[in-house]
Amino acid sequence: SDLATKTLSDGNWTLAAKPVEGDKTKKRLYVHGKNSPGAGVLDFRNVEADTGMKVTAIDGFIKNTAITDVVGPDIDSVCWECFRYCSRLRSVKLSPDLAHLALGAFSDATNLVHFSPAVFKSDIRIGLGIFIRSSNLTGDFRYEGGKELPEGLFWGTAIRSFTAPRCFSLGQSTFSCCSNL
């Protein structure tokens, strides 16, 4: 079947992946991390060279205390609470064309310090509380053309600045308890 599950392994992580439903190019993969063995850096840079496909959507690593870093240059969609409670997660580097950050995607990732891209495109879909209580998250963020910011977006983080030149609406507690703003 077109949606057959594939196994991706780099000798460290072993992950189940399947083609993104509706992708006419048949070159986009969705990875679900539930119960995935592995530890340390979750690195998707070589997937395309190894498989001819790119990991563009990721889900299901909630409460995984083994992940320290995520490198996903083609990941443009992070699903609901994907990395919530990932207490060892320090750094995340995703596609500069990030299109979707779902509700609580990195919430309660208390050791998260660095997130990239720091510039969100105007057409990105941002859910509630993406970084809520990720208390060590630092950086200078910008939302290009975004007109509304969701509730709790950076609640309880340590970001230094946030610029949204076209924003006219802030959700409740968007920047509450930010230690460095």
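Structural notes, computed from the coordinates. Counting from 1, residues in each chain are numbered in the order their sequence is written. Thresholds applied to this predicted model are a pLDDT of at least 70 for local features of residues and 80 or more for the giving and counting of side-chain atom pairs; totals over whole chains, interfaces and linings are not thresholded and use all residues. Neither water nor hydrogens contribute to the side-chain values; these are computed over all heavy atoms in the structure.

Observations concerning the overall build of the protein chain
1) Next: What counts as a helix is a DSSP run of H or I of at least four residues, what counts as a strand is a run of E of at least two, and both are numbered from the N terminus. Check the secondary structure of the protein chain and you find one helix and 16 strands.
2) Next: Here the radius of gyration uses the C-alpha set of atoms, whereas the globule reference equals 2.2 Å times the residue count to the power 0.38. A globule of 181 residues ought to have a C-alpha radius of gyration of about 16 Å, and the protein chain, at 16 Å, matches this closely.
3) Next: Reported as C-alpha extents along the three principal axes, the dimensions of the protein chain are approximately 45 × 35 × 20 Å.
4) Next: Residues classed as buried in the protein chain amount to 49% of the 181 residues present.
5) Next: Contacts between residues were defined by any pair of non-hydrogen atoms, one from each residue, lying within 4.5 Å. Across the protein chain, every contact between residues at least 6 apart in sequence was considered, and the portion connecting residues at least 24 apart equals 35%.
6) Next: Of the accessible surface of the protein chain, which amounts to about 8,800 Å², a share of 49% is contributed by carbon and sulfur atoms.
7) Next: In this count, Lys and Arg are taken as positive residues and Asp and Glu as negative ones, while His and the chain termini are left out. The atoms used to mark charge sites are NZ of Lys, CZ of Arg, CG of Asp and CD of Glu. One way to put it: in the protein chain the 21 positive side-chain charges average out to a point 1 Å from where the 19 negative ones average out. Think of it in three bands: with a 1.4 Å probe and only protein chains considered, a residue is buried below 20% of the maximum accessible area for its type, exposed above 50%, and partly exposed in between. We get accessible surface area from the Shrake-Rupley algorithm with a probe of 1.4 Å; when it comes to residues, only the shown protein chains can shield them.

Looking at the sheet that holds strand β7 (residues 77-78)
1) Next: For two strands to pair, DSSP has to find at least two bridges joining them. Judged by pairing direction, the sheet is mixed, and its seven strands sit side by side in the order β1-β2-β3-β5-β7-β9-β12 without closing on themselves. If you trace the sheet from one side to the other, it starts and ends with β1 (6-9) and β12 (125-126), each paired once.
2) Next: Two elements, β7 and strand β9 (residues 100-101), share two bridges in a ladder whose sense is parallel. Within β9, the position partnered with V78 by the bridge is L101.

Describing the side chain of D59
1) Next: Looking at the element boundaries, D59 is found in strand β5 (residues 54-59).
2) Next: Among buried Asp, Glu, Lys and Arg side chains, D59 stands out as unpaired, with K18 the closest opposite charge at 9.4 Å.
3) Next: Among the polar contacts made by the side chain of D59, one reaches the side chain of Y30 at a distance of 3.0 Å. Just to be clear on terms, a salt bridge is a Lys or Arg side-chain nitrogen sitting within 4 Å of an Asp or Glu carboxyl oxygen. We define a polar contact as two N or O atoms separated by no more than 3.5 Å, with the added condition that, inside protein, one atom must be a possible hydrogen donor and the other a possible acceptor, whereas residues neighbouring each other in sequence contribute only through side-chain atom pairs.

Focus: the pairing of strand β13 (residues 140-143)
1) Next: Burial along β13 is one-sided: the face carrying F141 and Y143 is buried and the face carrying D140 and R142 is not.
2) Next: With two bridges connecting them, strand β11 (residues 119-120) and β13 associate as parallel partners. Note on β13: the bridge partner recorded for F120 is Y143.
3) Next: Sheet topology note: the β13/strand β15 (residues 161-163) ladder contains three bridges and is parallel.

What to know about unusual backbone geometry
1) Next: Cis geometry is adopted by the peptide bond preceding P117, which originates at S116 and carries an omega value of 20°.
2) Next: Along the polypeptide, P117 turns up in the loop between β10 (114-116) and β11.
3) Next: With a phi angle near 60°, S173 is a residue other than glycine that sits in the positive phi range.
4) Next: Secondary-structure assignment places S173 in the segment after β16 (169-170).

Examining the nonpolar core
1) Next: Residues grouped as a nonpolar core are buried Ala, Val, Leu, Ile, Met, Phe, Trp, Tyr and Cys residues, joined through side-chain atoms within 4.5 Å. If you look at the biggest cluster of nonpolar residues, it comprises 46 residues, and the most contacted ones within it are F83, F106, F115 and F120.
2) Next: Sorting the residues of this core by element identifies β2 (14-19), β3 (28-32), β5, β6 (67-72), β8 (91-94) and β13 as the ones contributing at least two each.
3) Next: In this structure, F83 is in contact with L42, I58, F61, I67, V70, V78, L89, A105, F106, S107 and A109, ignoring residues within four places of it in sequence.

Things to note about the environment of P150
1) Next: In this fold, P150 is placed in the loop between β14 (148-149) and β15.
2) Next: Along the chain, P150 and R125 lie 25 residues apart, while their C-alpha atoms are 9.9 Å from each other.
3) Next: Residues contacting P150, with those up to four places away along its chain left out, are I126, G127, L128, G171 and T174.

Digging into the packing of aromatic side chains
1) Next: Centres within 6.5 Å make a pair out of two Phe, Tyr or Trp rings, where for Trp the six-membered ring is used; the pair is then stacked when the planes are under 30 degrees apart, edge-to-face when over 60, and tilted otherwise. Under the counting rule described, the total for this entry stands at 15 aromatic pairs.
2) Next: Judged by centre distance (5.5 Å) and plane angle (10°), the rings of F61 and F83 are stacked. Here F61 is found in the loop between β5 and β6, whereas its partner F83 is found in the loop between β7 and β8, with 22 residues between them in sequence.
3) Next: F61 sits in the buried class, given a relative accessible area of 1%.
4) Next: Measuring from ring centre to ring centre gives 5.0 Å for F141 and F154, while their planes differ by 45°; the resulting arrangement is tilted. Linking F141 in strand β13 with F154 in the loop between β14 and β15, this pair joins segments that are 13 residues apart in sequence. For the pair formed by F141 and F154, the shared burial category is buried.
5) Next: Counting every residue linked through ring pairs, the aromatic cluster contains W13, F61, F83, F106, F115, F120, F131, F141, Y143, F154, F162 and F175.

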